[in-house]
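# A closer look at the structure
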Amino acid sequence: MSLATQTPGRRRLMDNPRARVLVLLAPVMMFFIVFNTIPTLWLLGLSFYKYSLTGGVPPEFIGFKNFVGIFNAKNAIWFDLSRTFTFVISGVAFQTLLGAALGFLFWGSRNMPGRRVALTLLFAPMVLTPVATGTFFRFIYDPTFGVLNYLIRAVVETGPIDFLGNPKLAFWAVLAVDCWMWTPFMTLMTLAALGSVPKAELEAAEIDRVPFLRRLTLVIWHHGKFIMMLGILLRTIDSFKTLDLIIPMTKGGPGQNTRLVALELNKQSFESFNMGWSSAYAVLLLLISIAMTSVFIYVLNLRRRKETEG
Amino acid sequence: MAEIVIDHVTKRFGDLAAVDNIDMTFSDGEVACLLGPSGCGKTTLMRILAGLEQPTSGRVLFGGKDVTDLPPRKRNVGMVFQYPVMYPTLSVAENLALPMKYDRALDQSERQRRVDEVLDVLDMRPMARAFIEDLDIGSRQKVAIGRAVARQSEIVLFDEPTTNMGVAAKLQLIHAFKRVTRRLRQTIVYVTHDQTEAMTLADKIALMKAGKILQYDAPHVLYSEPSTAFGGWFMGNPGMNFIPATLQPDGIHAAILAGPIAAPAHLPKGEITIGIRPERVTMSGQAVTGSVPGTLVDQAVGIAGRYLTTVRVGGATVKVNTVGAPPADLGGTVNLMVPHARVMLYVDGVRVAG
C-alpha cells in the first residue's frame, strides 16, 4: 500500500501488461537500435557513396557503382567467395563428422575414469582467443624451428616444409587449425543432442533388438537433429566470418591463397580505408549470410511441419 | 518354459544396496507384481531382469539359462516403460512389427498375423496407420504394450506403465493388459507402487521394502495375512490396525479384546502387537457379549456406503471400516467386536502367529 501511494504513476504503468512488456524490453531495444540497426542502415547508405577516409574528399553519391565495381574488379569477389565456401563447407563437414564421432565416444564412455578431465581438455581449444591460436600455430608451422617440421623430419627424410608459405599447402594448413579449434564445439553440440534423446526410448530400442545404425535414424537423429542442425548453422555462419584466426598466420597469403571474404573486407576498410567500397562489400556478405540462415531455418521448419502433418 | 530365477542378486549404488541379496523364483506363465513404496528397489530389480543394469553379485536365469551377462537384446524379453515409447517415425502397425523384424525365424505372413492379432486384442485396428501425434498418451502406452507382447517372447516386463496416465487411460490400459495376458500365457513381471493395480492384475505379489522381498503370495493371502507389519500397513486403505498387547499365561490381553485370546505355546510371554484389518472389526450401538466399548472420535464417508471411523478404546486408537453409518454421533459410545480368527500376532514387526 505504501508503495502505491508513493509512486502511483509507475505502479499503474507496470500494471498494464503491454506497457510492462515495453518497459522491460526498452533497454535491450535501445542497445540493439544504437549498436545494430543504425550502423546497418548507415552501412547500407554508405554503400552507395564513393568515400575514402584518406582522400579528404567529401562522400559522393555514385548509386550502384560500388557493387558493379566489386563484380568487375580484377580480384573479383568470386574468387574470395569460392575460397570462402570451400573453407566453410569442407571445414564444417569435417568438424561435424569428427565432432559427432567424438561426441558418441564420450557419450558411450560415461563410466570411463578421467572422462571429465578429457572433456575439459577437449574443450580447451574452443575457449582460446583465435588470435592467440593463430599466433602459436604460426610457430608450430614454422619451417625452420617449428615443432611440426621437427616431428615430420624425425620420421620422414625431407627438407623443411613451409606450411603457411607454400601456395598449395597454406589453405589446408589454415583450415586444419580451424578444425582443431572448432571440432570440440560440434562435440559439445553432439553431446547436447544426445542428451535430448529420451533414455527410455534408447533402452526400448535396445530391448527391441534394433541394430545400432537403425537406432541412430529411428531414435537418436529424430530427437537430436534440431540441436545438431543448430550447431551446424552456428558453425557455418561463424566459419563464413573467419578473420582473426587467419590474420596472425598468413594475412590472406601466400598470394591470395587464404584470403577469405572477411580478410578482404578487413583489408579494404581498415587498411585501405575505402569505406564506400567496403560498405557495399559488407552489404553483399550480409545478404549471403541471411540467405544461408534462411535456408537452414526453412529446412528445419520443413522437417517439423512434416512431422505434425504426420 | 521360462521361469525366472533370481539367484542371490545384489545391486549396490555406492553404499546403498538397492537390491539386497534377493533370492526368488517367478513361475512360468504367471503374472508377478513387484509392489512397494518408491525407492524400494523394485524398478532396479526389473532393470536387472531386462539387462539394463548389471547386478553387483548374483545370477539371473531364464528357463534354466544363465542370462546375467547377456545384453538386453539377446535376452529375448519384451519391456514396457513408464514413459510410453512409441517410435515417432513409424506407424502403429510398424511399431508393433519392429522387434519381430530382427527375428529371422519369423516370415512375413507370421509377423503380419501377430500384428493383426495384437491390434485386435488391443482394439486398435482403426489406428493401425496412425502416428504418434494422432494418439493420446494412453494409446501410445498401448502401442508400447502391443510391441512388447507381439514378438511373443516368453518374458514380458512392465515398469510402472500406468504411472503417468489419467484415470480413464489407466483403466483402459489395465483392461488391455488383462486381455493380452489372458491370450498369451507369458511370464510377466509387473512393477507398480499402486496396490489396487497389483491386487487387480497379479497372480502373485512380491512385496518389497528397502531392497528386500518381504513376502511373495497370492494377493488375498498377502492382504489378509501379511507376514510383516509393514505389509499390513502398506496394503489396504487405511492399513491394518496395530495395537499393543501383552501375552500372559492365560492368553493375549489388549484394550480392544473383551477377554484373553489363546496364543500358541511357543511364544515368549511379554509385549506383543496384534494386527486387525479395519473392515474386520464390527461396530454396534448395544453392548453384546465379547464387545468392548469405545469413543467415536472421527468419521468420514468412504466409497460404496462404507464409513471410515476412528475409535478410542482404552489407550488405543482403532480405525474401523463399517458398512452403513456408525451407531453413535462423534464423541458417543460404540461397541467394537474383534473376531479372534482375524487377529494376527506380530513381534518386532514380523508375524508370529494368527
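Just so it is clear, the structure is predicted and the values come from calculations on it, not from any experiment.

It is worth spelling out helix H6 (residues 115-127) of chain A at this point. Here H6(A) is 13 residues long and its end C-alpha atoms lie 19 Å apart, about the 18 Å a rise of 1.5 Å per residue gives. Sparse coverage of H6(A) is indicated by the burial of 0 of its 13 residues.

Okay, the sheet that holds strand S13 (residues 270-276) of chain B next. Residues and elements named next belong to chain B. With antiparallel pairing, 5 strands are arranged side by side in an open sheet as S12-S11-S13-S19-S20. Two strands lie at the open edges of the sheet, namely strand S12 (251-253) and strand S20 (350-353), each paired on one side alone. Averaged over all pairs of adjacent strands, the angle between their axes in this sheet comes to 45°, without regard to strand direction. Sheet analysis places strand S19 (residues 344-347) next to S20, joined by 3 bridges and oriented antiparallel. Along S20, the bridge assignment pairs valine 347 with valine 350.

Residue and element names in this part refer to chain B. Spatial strand order, S6-S7-S8-S3-S9-S10: 6 strands in an open sheet with mixed pairing. One side of each edge strand has no neighbouring strand; the edge strands of this open sheet are strand S6 (77-80) and strand S10 (212-217). Along the sheet, successive strands turn relative to each other by an average axial angle of 15°, direction set aside. Alignment of strand S9 (residues 204-209) against S10, held across 5 bridges, turns out to be antiparallel. Counted as the bridge partner of leucine 207 is glutamine 215 from S10.

Before going further, it helps to spend a moment on the nonpolar core. Judged by nonpolar contacts, the single largest core of 87 residues is most densely connected at B:Cys33, B:Leu157 and B:Val189. Apart from the residues lying within four places of it in its own chain, the contact partners of B:Val189 are B:Ile4, B:Phe26, B:Ala32, B:Leu34, B:Met46, B:Leu49 and B:Leu157.

A few words on the domain arrangement of chain A. Structurally, chain A comprises domain 1 (2-44) and domain 2 (74-309). The gap between the C-alpha centroids of domain 1 of chain A and domain 2 of chain A is 38 Å.

Put simply, chain B has an average pLDDT of 88, and 100% of its residues get 70 or more. With a pTM of 0.78, the predicted complex shows an ipTM of 0.81.

Turning our attention to the environment of A:Ser82. Residues and elements named next belong to chain A. Topologically, serine 82 is positioned in helix H5 (residues 77-108). With 10 C-beta atoms counted inside 10 Å, the residue serine 82 sits in the exposed group. Distance in space between the C-alpha atoms of serine 82 and valine 261 is 9.4 Å, their sequence separation being 179 residues.

Let's shift gears to the packing of H5(A) against helix H11 (residues 212-240) of chain A. All names here are of chain A. At a minimum axis distance of 9 Å, the contact between H5 and H11 shows a crossing angle of 145°. Between H5 and H11 lies a crossing whose hand is right-handed. Between H5 and H11, the contacting residues are Thr84, Phe87, Val88, Gly91, Val92, Gln95 and Thr96 on the first element and Ile232, Arg235, Thr236, Ser239 and Phe240 on the second. Residues belonging to the contact of H5 with H11 are distributed by class as follows: 5 nonpolar, 6 polar and 1 charged.

All names here are of chain B. With 5 of 5 residues buried, strand S7 (residues 155-159) lies mostly within the body of the structure. Here S7 shows two buried faces, one formed by Ile155, Leu157 and Asp159 and the other by Val156 and Phe158. With 4 bridges joining them, S6 and S7 adopt parallel strand pairing. Across the sheet, valine 80 pairs through a bridge with phenylalanine 158, a residue of S7. By the bridge criterion, 5 bridges tie S7 to strand S8 (residues 187-192) in an arrangement that is parallel. Considered in S8, the bridge of aspartate 159 is made with valine 191. One crossover worth recording links S7 to the parallel S8 by way of helix H5 (residues 167-183), and it is right-handed.

Cut-offs and rules
Residues numbered from 1 in each chain as written. Chains lettered and ligands numbered in written order. Predicted model: local features only at pLDDT ≥ 70, side-chain atom pairs only at ≥ 80, totals over all residues. Helix = DSSP H or I, 4+ residues; strand = E, 2+ residues; numbered from the N terminus. Expected span 1.5 Å × (residues − 1). Buried ≥ 20, exposed ≤ 12 C-beta atoms within 10 Å, placed from the backbone. Pairing = 2+ DSSP bridges. Axes fitted to C-alpha atoms, helices over the stretch in contact; angles between N-to-C directions. Core = buried A, V, L, I, M, F, W, Y, C linked by C-beta atoms within 7 Å. Contact = placed C-beta atoms within 7 Å. Domains from an automatic or database assignment. pLDDT = per-residue confidence, 0-100. Left-handed = near helix turned anticlockwise from the far one by under 90°. Nonpolar A, V, L, I, M, F, W, Y, C, P; charged D, E, K, R; others polar. Right-handed = clockwise from strand over helix to strand, strands pointing away.

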